[in-house]
Amino acid sequence: MDRVLIDIFADGAVIQVAALLGAALFFMTVGFIEARHEHPEGYLYLAISLFFVSAHVACLLNLPTHLSATGKLTDFNAWTWLALLLAPALIAVYLLRSLFDFVVSQNRKGLVKMFFGLTLLCYLYMLGAHWPLDVRGIMTLIWLSLFFKLELGLVRE
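Residues numbered from 1 in each chain as written. Predicted model: local features only at pLDDT ≥ 70, side-chain atom pairs only at ≥ 80, totals over all residues. Heavy atoms only, no water.

Caption draft 1: The arrangement of the overall build of the chain in detail. For the chain, the count of helices and strands is five helices and zero strands. Here the chain holds 157 residues, and 38% of them are scored as buried. In the chain, the proportion of contacts linking residues at least 24 apart, taken out of those at least 6 apart, comes to 64%. Working note: accessible area of the chain is about 9300 Å², and carbon and sulfur atoms make up 70% of it. (Helix = DSSP H or I, 4+ residues; strand = E, 2+ residues; numbered from the N terminus. Buried < 20%, exposed > 50% of the residue type's maximum accessible area, 1.4 Å probe, protein only. Contact = heavy atoms within 4.5 Å. Areas by Shrake-Rupley, 256 points an atom, 1.4 Å probe, with all protein chains shown as cover.)

Here is the structure:
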């Protein structure tokens, strides 16, 4: 019984670290958008993003690596961070931003963001579940660059 509770808490810690990264990503994009429009609250959002990044690093450094649930994080490197922590956060931010765009009646932007979020989900966890970590990390980097291009309006409509 104790082992099950430890696994539950370890899974929760990994989810928490990914959620902190997703929050940092969200506030970073909102901060860049607001700062680009010369609104002073953009710098506040960037500071909040910096807080979430520092909280992510602090929680990441204190993850229990001896547990079976976080056993995949024992050989931790940049590819592991990209594929196992940034990718789920990026997928969640894509899908939440698409739902927000649907609510404010920007259906085209919402569909594009939902498409990219769901394709990353399918590529990494359905088709590419057995792909090497570096391939999944490179795909995450490509989708991250697409995310910033979509959110910051660098793509022509």
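From this point, the discussion proceeds with the structure in view.
Caption draft 2: Helix 3 (residues 78–103), seen in detail. With 26 residues, helix 3 should cover 38 Å at 1.5 Å per step; its first-to-last C-alpha distance of 36 Å lies within 8% of that length. One side-chain oxygen of the residue at the start of helix 3 lies 3.2 Å from the amide nitrogen of Trp 79, identifying that residue as Asn 77. Of the residues flanking the end of helix 3, it is Ser 105, one or two places downstream, whose phi is positive at about 65°. (Expected span 1.5 Å × (residues − 1). Polar contact = N/O pair within 3.5 Å; in protein donor to acceptor, adjacent residues only side chain to side chain.)

Caption draft 3: Fine view of unusual backbone geometry. Positive phi values are uncommon outside glycine, yet Glu 38 reaches one of about 60°. Following the sequence through the fold, Glu 38 ends up in the loop between helix 1 (2–36) and helix 2 (41–61). The exposed category is assigned to Glu 38, whose relative accessible area is 72%. Even without a glycine there, the phi angle at Ser 105 is positive, about 65°. Structurally, Ser 105 is set in the loop between helix 3 and helix 4 (107–127).

Caption draft 4: Representation of the packing of aromatic side chains in the model. Going through the model one piece at a time under the given rule, you end up with nine aromatic pairs. Measuring from ring centre to ring centre gives 5.6 Å for Phe 27 and Phe 52, while their planes differ by 10°; the resulting arrangement is stacked. Here Phe 27, found in helix 1, pairs with Phe 52, found in helix 2; they are 25 residues apart in sequence, far enough to count as distant. Measuring from ring centre to ring centre gives 5.8 Å for Tyr 123 and Trp 143, while their planes differ by 80°; the resulting arrangement is edge-to-face. With a gap of 20 residues between them, Tyr 123 in helix 4 and Trp 143 in helix 5 (residues 133–151) connect regions that are remote in the sequence. Overall, the relative accessible area of 32% leaves Tyr 123 in the partly exposed class. Joined through ring pairs, the aromatic side chains of Phe 26, Phe 27, Tyr 45, Phe 51 and Phe 52 make up one cluster. (Phe/Tyr/Trp six-rings, centres within 6.5 Å; stacked < 30°, edge-to-face > 60°.)

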